[in-house]
Amino acid sequence: MRGSRFCFGVCATLALAWGAIGCGGDDEAPVQLSFTARVGAAPFACGTVYPGVGTTAANVSVEDFRMFISNVRTLDAAGGEHPVKLVADQKWQSETVALLDFENASGPCGELGTPETNASIRGMKDGAKIAGVRFSLGVPEGEAHQNVGLAKAPLNLGSMFWGWQAGYKFLRVDFSSTGDDPAVPPTQWLVHIGSTGCQSAAATVAPTTACARSNRAEITLLGWDPSKMIVVDLAALLNASNVLLNTVATAPGCMSDASDPECQQVLAGLGLDASSGQCAGACSAQKFFRVE
């Protein structure tokens, strides 16, 4: 037993450096999920203007691009799930939640961003052969409503938090968009996805029951293994949205409100049913993530 604990500790350390390698003992081995952010075919970078986004082929400049991932499982050929134990590193991931951060605080990302980026998730898994991966876009319910100032990294990030009642923003993408007319000022669009319908005594009080609409997308990527990249494509997510317009008297873009017209297409792009906040058809229609 002592040898197994020692091997797990060594493997956890090596996982941070080398990704997927083998280790004996309990047949647990490090595994790494590698992500890349794109806008269509183009790699994402702060300050780059991306043309052709959405139904009006708008020009988009992104100011923030971050998300929380949890409940990571690899899949075997029969569809069986094998939980991945995240390796806590006191910065990007705890034992339960990982933060993917694609912005680097340069250019328009400078106001709320950080120079450091993270595009991978590291953990330990059993020896089953990998035929795919499944994970949640979101923070687990038990950790979603807490004092962000006292939370462990990566949940200590105030810019990814609405408040105790509403909890964390699972996905944050801020951008501005323009059309062909230079006389029309840019449109500010936000994609802030988190749980809604959260009830408590006050905005500064955490709920004691689950929010009415969870809005945690369950992402399944068949054919993935650690040698492949998981692409996060903003243009694909916004493919059915007119990012040059925003409905009067609503939040800019989509702030997860099921009644906001701009949220209908965005939530559908994550595979979610807007009215229930649950996966529609196992979130199989999601367009945000793919394997390459």
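Residues numbered from 1 in each chain as written. Predicted model: local features only at pLDDT ≥ 70, side-chain atom pairs only at ≥ 80, totals over all residues. Heavy atoms only, no water.

In this section: the overall build of the protein. Scanning the protein for helices and strands turns up three helices and 17 strands. Its C-alpha atoms give the protein a radius of gyration of 19 Å, near enough to 19 Å, the size a compact globule of 292 residues would have. Scored against the burial criterion, the 292 residues of the protein give a buried share of 48%. Sequence-distant contacts in the protein: of pairs separated by 6 or more residues, those separated by 24 or more amount to 67%. Total accessible area on the protein stands at roughly 12500 Å², and carbon and sulfur atoms take up 56% of it. Averaging the coordinates of the 19 positive side-chain charges in the protein and doing the same for the 27 negative ones gives two points 7 Å apart. (Helix = DSSP H or I, 4+ residues; strand = E, 2+ residues; numbered from the N terminus. Rg over C-alpha atoms; globule rule 2.2 N^0.38 Å. Buried < 20%, exposed > 50% of the residue type's maximum accessible area, 1.4 Å probe, protein only. Contact = heavy atoms within 4.5 Å. Areas by Shrake-Rupley, 256 points an atom, 1.4 Å probe, with all protein chains shown as cover. Lys, Arg positive; Asp, Glu negative; His and termini not counted. Charge placed at Lys NZ, Arg CZ, Asp CG, Glu CD.)

Counting residues in each nonpolar core, the largest one holds 54 residues, and the members touching the most others are Phe35, Phe65, Met67, Phe135 and Phe289. Here this core takes seven residues from strand S4 (residues 58-75), the largest share from any one element. Leu99, Ala144, Met160 and Tyr168 belong to the second largest nonpolar core, which has 13 residues in total. (Core = buried A, V, L, I, M, F, W, Y, C linked by side-chain atoms within 4.5 Å.)

Our focus in this paragraph is the environment of Gln264. By the element assignment, Gln264 lies in helix H3 (residues 261-269). For the pair Gln264 and Ala274, spaced 10 residues apart in sequence, the C-alpha separation works out to 6.1 Å. Gln264 has contacts with Ala258 and Ala274, leaving out every residue within four places of it along the chain.

Turning to the state of the cysteines, a few remarks are in order. Under the defined criterion, the tally for this structure stands at four disulfides. Put simply, Cys254 and Cys263 are joined by a disulfide, and their sulfur atoms are 2.1 Å apart. Residues Cys254 and Cys263 are joined by a disulfide whose S-S torsion is about 105 degrees; by sign, that bridge is right-handed. Residue Cys254 shares its accessibility class with Cys263, and that shared class is buried. (Disulfide = S-S within 2.5 Å.)

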